[in-house]
Amino acid sequence: MKAVTWQGRRDVRVETVPDPTIQEPTDAVIRLTSTGLCGSDLHLYEVLTPFMTPGDILGHEPMGIVEEVGAGVPDLAAGDRVVVPFQIACGNCWMCLTGLPTQCETTQCTGEGMGAAIFGYTRLYGSVPGAQAEYLRVPQAQFGPIKVPEGPPDDRFVYLSDVLPTAWQAVEYAHIPPGGSVAVLGLGPVGDMACRVAQVRGAEQVFGVDLVPERLRRAQARGVETYDLRDFDSQKELVAAIRDRTAGRGPDAVIDAVGTEAHGSAAARLAQTATGLLPRTLGARFAEHLGVDRLAALHTAIELVRRGGTISISGVYGGTADPMPLLTMFDKQIQMCMGQANVRTWSDDILPLLTDEDPLGVDDFATHRLPLSEAAHAYEMFQRKDDGAVKILLEP
């Protein structure tokens, strides 16, 4: 089969690799019909390269048709149309039953000190072959895959794999009071969708912050009050502008949907670049222990949120030694919630919104659809934000 493989920093290639097969009774094999390119994939493209191995198959946003199932998968059959969550979880362990499949004790990557295995996402999360391919082996298929109806196009459902539950959890964790306010930092796919979810769930004021014109226009067209970072000379000016719209207090909640891709510290940018260029073993130590994150968005969130408010972090951070302004956080009584999205915990809440009325705007959410053979171009375009690229779907 054809698959998108990682070969080095900013080097992805479509290659021929062996077809996946059933290896365990709880496996399924899926023929992919759509697969997403995620902002987190750009971390592998440039920042988290020390944790990659040449030949790794990328991708974690798949949907398609079941081709084959193992004997331990009673509720799936060949021909079923499914979306596959990005994390791999059993559904039966204590963590899964508690609603935390991202911490699944069956697939937990204990050797790396990390949570549940993830498709196509470094040795830290199990080195599981990813979903930017023609076929995908799905472990723990007795729990993970979400069956969806025939008829509507893939765009209606494919975001259940990651974008929708990540945005839903971001809003859930933000604890926005009824009729309250939320600021979303970063209007990429997750931030954009988080604005939509917040609106549907009753937030009265939704502010969106970014510096990419296409992203700002998309959010503004759906009623989000947008702020272009380029219009402000400092963080304090931006914070003051949004506070003026919230009785001088700041929003009830702030969602950091940016993570380590934030603009800001030139020194941190240099550290990210240097980490990607170091030999993999040395670069991995640097990334794990010295901290390579650019924290502009997180520091803005801490400054912006009202006293007693909540910060919800859905953007991915990778360092372990990044300084945090704990005095300010303590003094403001900030609550902070974060983590990978627990897809199956939220999927039943989201599915009723994926109707012909399309309140979340999923049917036209993708800005680009490209064949799998053009994956290298897709990564480059997404990384540079060329041609208005906000969300790219690949068609195997």
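Residues numbered from 1 in each chain as written. Predicted model: local features only at pLDDT ≥ 70, side-chain atom pairs only at ≥ 80, totals over all residues. Heavy atoms only, no water.

Where an unreviewed UniProt entry is consulted, the protein appears under the name Zinc-dependent alcohol dehydrogenase, with the organism given as Streptomyces heilongjiangensis. Its UniProt record gives the protein a comment under Cofactor (unreviewed entry), which states: "Zn(2+)". According to the UniProt record, the Sequence similarities (unreviewed entry) comment for the protein reads "Belongs to the zinc-containing alcohol dehydrogenase family." (UniProt positions renumbered as here; feature names shortened; annotations may be inferred.)

Draft legend 1. Inspection of the overall build of the protein at higher detail. When helices and strands are counted, the protein shows 12 helices and 15 strands. Across the 396 residues that make up the protein, the buried fraction comes to 56%. Taking the intrachain contacts of the protein between residues at least 6 apart in sequence as the baseline, contacts between residues at least 24 apart amount to 72%. Carbon and sulfur atoms form 51% of the exposed surface of the protein, whose accessible area is close to 15,900 Å². (Helix = DSSP H or I, 4+ residues; strand = E, 2+ residues; numbered from the N terminus. Buried < 20%, exposed > 50% of the residue type's maximum accessible area, 1.4 Å probe, protein only. Contact = heavy atoms within 4.5 Å. Areas by Shrake-Rupley, 256 points an atom, 1.4 Å probe, with all protein chains shown as cover.)

Draft legend 2. Seen up close, the side chain of threonine 310. By the element assignment, threonine 310 lies in strand 12 (residues 310-313). Discounting chain neighbours no more than four positions away, the residues touching threonine 310 are Tyr173, Ala174, His175, Asp252, Ala253, Val254, Val305 and Gln335.

Draft legend 3. Up close: the sheet that holds strand 9 (residues 205-210). With respect to topology, six strands assemble into an open sheet ordered 10-9-8-11-12-13, the strand pairing being parallel. Looking at strand neighbours, the two that pair on one side only are strand 10 (225-228) and strand 13 (335-338), the edges of this open sheet. Between one strand axis and the next, the sheet turns through 20° on average, direction left out of account. In the sheet, strand 9 pairs with strand 10 via four bridges, with the strands oriented parallel. Residue pairing in the sheet places aspartate 210 in a bridge with aspartate 228 of strand 10. Along the sheet, helix 9 (residues 296-304) contacts strand 8 (181-185), strand 11 (253-256), strand 12 and strand 13; its crossing angle with strand 8, the most-contacted strand, is approximately 165°. (Pairing = 2+ DSSP bridges. Axes fitted to C-alpha atoms, helices over the stretch in contact; angles between N-to-C directions.)

Draft legend 4. Quick peek at helix 4 (residues 189-200). Under the 1.5 Å per step criterion, the end-to-end length of helix 4 is 17 Å for 12 residues, consistent within 8% with the ideal 16 Å. Every buried residue of helix 4 is accounted for by Pro189, Val190, Gly191, Asp192, Met193, Ala194, Cys195, Arg196, Val197 and Ala198. Buried-residue contacts for helix 4 involve helix 3 (163-174), strand 8, strand 9, helix 5 (213-221) and strand 11. Glycine 202 lies just past helix 4 and shows a positive phi near 105°. (Expected span 1.5 Å × (residues − 1).)

Draft legend 5. Representation of the packing of helix 3 against helix 4 in the model. For the pair helix 3 and helix 4, interaxial distance at closest approach is 8 Å and the crossing angle is 55°. The angle between helix 3 and helix 4 places the two elements in the oblique class. Crossing handedness for the pair helix 3 and helix 4: right-handed. Contact with helix 3, carried on its side by Val163, Leu164, Thr166, Ala167, Trp168 and Val171, involves Pro189, Val190, Met193, Ala194, Val197 and Ala198 of helix 4 and no other residues of that element. Looking at the contact of helix 3 with helix 4, its residues break down into 11 nonpolar, one polar and no charged. (Parallel < 35°, antiparallel > 145°, perpendicular 65-115°, else oblique. Left-handed = near helix turned anticlockwise from the far one by under 90°. Nonpolar A, V, L, I, M, F, W, Y, C, P; charged D, E, K, R; others polar.)

Draft legend 6. Seen up close, the packing of aromatic side chains. According to the stated counting rule, one finds five aromatic pairs in the structure shown. Arranged with centres 5.4 Å apart and planes meeting at 35°, the rings of tyrosine 45 and tyrosine 379 form a pair that is tilted. In this pair, tyrosine 45 is assigned in helix 1 (residues 39-47) and tyrosine 379 in helix 12 (residues 375-384), connecting sequence segments 334 residues apart. Overall, the relative accessible area of 6% leaves tyrosine 45 in the buried class. The exposure class of tyrosine 379 is buried, given its relative accessible area of 0%. With centroids separated by 5.2 Å and ring planes inclined at 75°, the aromatic side chains of tyrosine 159 and phenylalanine 365 adopt a geometry described as edge-to-face. (Phe/Tyr/Trp six-rings, centres within 6.5 Å; stacked < 30°, edge-to-face > 60°.)

Draft legend 7. Spotlight on the nonpolar core. The biggest cluster of nonpolar side chains holds 72 residues, and the ones touching the most others in it are Leu164, Val182, Met193, Ile255 and Ile392. When residues in this core are grouped by element, the largest group, eight residues, is from helix 3. Discounting chain neighbours no more than four positions away, the residues touching methionine 193 are Val163, Leu164, Ala167, Leu360, Val362 and Phe365. Among the nonpolar cores identified, the runner-up in size contains 21 residues, and Leu185, Val239, Ala301 and Ile302 belong to it. (Core = buried A, V, L, I, M, F, W, Y, C linked by side-chain atoms within 4.5 Å.)

Draft legend 8. How the structure looks around the pattern of salt bridges. Applying the stated criterion across every chain yields a total of 21 salt bridges. The partner of aspartate 356 in a salt bridge is arginine 156, and the shortest N-O contact between them spans 3.2 Å. One end of the pair, aspartate 356, is in the loop between helix 11 (343-350) and strand 14 (368-371); the other, arginine 156, is in the loop between strand 7 (146-147) and helix 3, with 200 residues separating them in the sequence. Through salt bridges with shared partners, a single network forms among Asp155, Arg369 and Glu395. (Salt bridge = Lys/Arg side-chain N within 4 Å of Asp/Glu carboxyl O.)

Draft legend 9. How the structure looks around unusual backbone geometry. In this structure, aspartate 358 is a non-glycine residue whose phi angle is positive, near 50°. Secondary-structure assignment places aspartate 358 in the loop between helix 11 and strand 14. Of note in this structure, aspartate 387 is not a glycine but carries a positive phi near 55°. Residue placement: aspartate 387 occurs in the loop between helix 12 and strand 15 (392-395). Here aspartate 387 falls in the exposed class, since its relative accessible area comes to 60%.

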